[in-house]
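# Per-entry structural report
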Amino acid sequence: MTALKAYSVLEKDEYTGDIYFAPKAIVAAKAGANEYGDGELSYIQCRRAPWADAFAGKGVPAKVAVDHGWHFECHGCGIHIDSDLEEEHRLPVDGIVGTMHGAVYCCARCKWKHMKREARRKQEEAATIEDFKAIVRARFPYADFADDESEFRGHHAYVTRADRSGFWHRGQVIVAFRFPRHENWPCALPPGVLPPDRAAYRRVHLLQRRP
């Protein structure tokens, strides 16, 4: 089996790219061209990166890549991560966390804070969805919520943090639901329950999410 070698593939105009592992340069070049050059080999440059050979199948540590001229944006705070990290932000390059093919953080503390914010955001999104489901349930008591994402797109809420005070903005909320089937109504109610008036029925029909 031919050993994989590391190749630096960059788009020529903006010099965005990645490290590719391949048995030959042309294989890496084609993969990089598909990603960064619309499939055109003339749009990219491909060069050997022997310093990354040891990371084939493992992921290239971002701190090692920085030592070889690569730069990133911190997934947590957004600062520019490069060889000047210590001089500009008083953070050691050895403290960079992450790999080239994943989220890169300027330090372990920044990663921890980001994970904590993400956990809080998900909690807020779940609470927002439950609040909106309560509103729908008050209007349509027999609504059947589509909690199974395999059948519907599921529920979505977009929550963003406003400032350091901990106040969260609640943006768009999507709650998918349907009505129990009944032979007499397209969006029918259970047997024994009187159908809604025409105006209410039209609103119900418009609010249905198509499968």
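These lines cover the structure that appears in this document, whether it is placed above or below. (Residues numbered from 1 in each chain as written. Predicted model: local features only at pLDDT ≥ 70, side-chain atom pairs only at ≥ 80, totals over all residues. Heavy atoms only, no water.)

## A word on the overall build of the protein chain
Scanning the protein chain for helices and strands turns up 5 helices and 9 strands. The secondary structure elements of the protein chain, listed N-terminal to C-terminal, are β-β-α-β-α-β-β-α-α-β-β-β-β-α. Considering the protein chain as a whole, with its 211 residues, one finds that 32% of them fall into the buried category. Surface exposure of the protein chain reaches about 14,100 Å², of which carbon and sulfur atoms provide 51%. (Helix = DSSP H or I, 4+ residues; strand = E, 2+ residues; numbered from the N terminus. Buried < 20%, exposed > 50% of the residue type's maximum accessible area, 1.4 Å probe, protein only. Areas by Shrake-Rupley, 256 points an atom, 1.4 Å probe, with all protein chains shown as cover.)

## Points about the nonpolar core
Of all hydrophobic cores here, the largest spans 25 residues; its most connected members are Ile19, Phe72, Ile81, Ile96 and Cys106. Of all the secondary-structure elements, those providing two or more residues to this core are strand E1 (5-11) and helix H2 (62-67). Top element by residues in this core is H2. It accounts for 3 residues. Ignoring any residue separated from it by four or fewer positions in sequence, one finds Phe72 in contact with Ala62, Ala65, Val66, Ile79, His80, Ile81, Met100 and Val104. Core analysis: the next-biggest nonpolar cluster, separate from the first, contains 8 residues, Tyr20, Ala28, Ala29 and Ile44 among them. (Core = buried A, V, L, I, M, F, W, Y, C linked by side-chain atoms within 4.5 Å. Contact = heavy atoms within 4.5 Å.)

## Some words on the side chain of Gln45
Note that Gln45 resides in strand E3 (residues 44-48). When near neighbours in sequence (up to four residues on either side) are disregarded, Gln45 contacts Ser8, Val9, Leu10, Lys12 and Tyr15.

## Some remarks on the packing of aromatic side chains
All chains considered together, the criterion is met by 0 aromatic pairs. For Arg48, the ring lying beneath its charged end belongs to Tyr7, and the centroid distance is 5.6 Å. (Phe/Tyr/Trp six-rings, centres within 6.5 Å; stacked < 30°, edge-to-face > 60°. Lys NZ or Arg CZ within 6 Å of the ring centre and 35° of its normal.)

## Some details on the pattern of salt bridges
Counting across every chain of the model gives 5 salt bridges. One salt bridge connects Arg48 with Asp53, and the closest N-O pair in it is separated by 2.9 Å. According to the relative accessible area criterion, Arg48 is partly exposed, its value standing at 37%. Since its relative accessible area comes to 25%, Asp53 is described here as partly exposed. Arg121 serves as the salt-bridge partner of Glu125, at 2.5 Å between the closest nitrogen and oxygen. Of the two residues, Glu125 and Arg121 both sit in helix H4 (residues 108-139), 4 residues apart, roughly one turn of that helix. For Glu125, a relative accessible area of 17% translates into the label buried. The network of salt bridges with shared partners includes Glu118, Arg121 and Glu125. (Salt bridge = Lys/Arg side-chain N within 4 Å of Asp/Glu carboxyl O.)

## Notes on the sheet that holds strand E2 (residues 17-22)
On the basis of which strands lie adjacent, the open sheet formed by 3 strands has the order E2-E1-E3 and antiparallel pairing. Bordering the open sheet on either side are E2 and E3, each of which pairs with just one other strand. The sheet shows a mean angle of 30° between the axes of neighbouring strands, taken without regard to direction. Taken strand by strand, helix H1 (residues 25-36) contacts E1, E2 and E3, and its axis lies near 145° from that of E2. (Pairing = 2+ DSSP bridges. Axes fitted to C-alpha atoms, helices over the stretch in contact; angles between N-to-C directions.)

## Looking at H1
End to end, H1 covers 16 Å across 12 residues, agreeing with the expected 16 Å (1.5 Å per residue, within 8%). Listed in full, the buried residues belonging to H1 are Ala28, Ala29, Gly32 and Ala33. Along the axis of H1, the buried positions cluster into a sector of 135°, meaning they face one direction only. Facing away from the buried side of H1 by over 90 degrees, the exposed positions are Asn34 and Glu35. Structurally, H1 contributes buried residues whose contacts are with E1, E2 and E3. Immediately downstream of H1, the backbone of Asp38 shows phi near 55°, a positive value. (Expected span 1.5 Å × (residues − 1). Arc of directions from axis to C-beta.)

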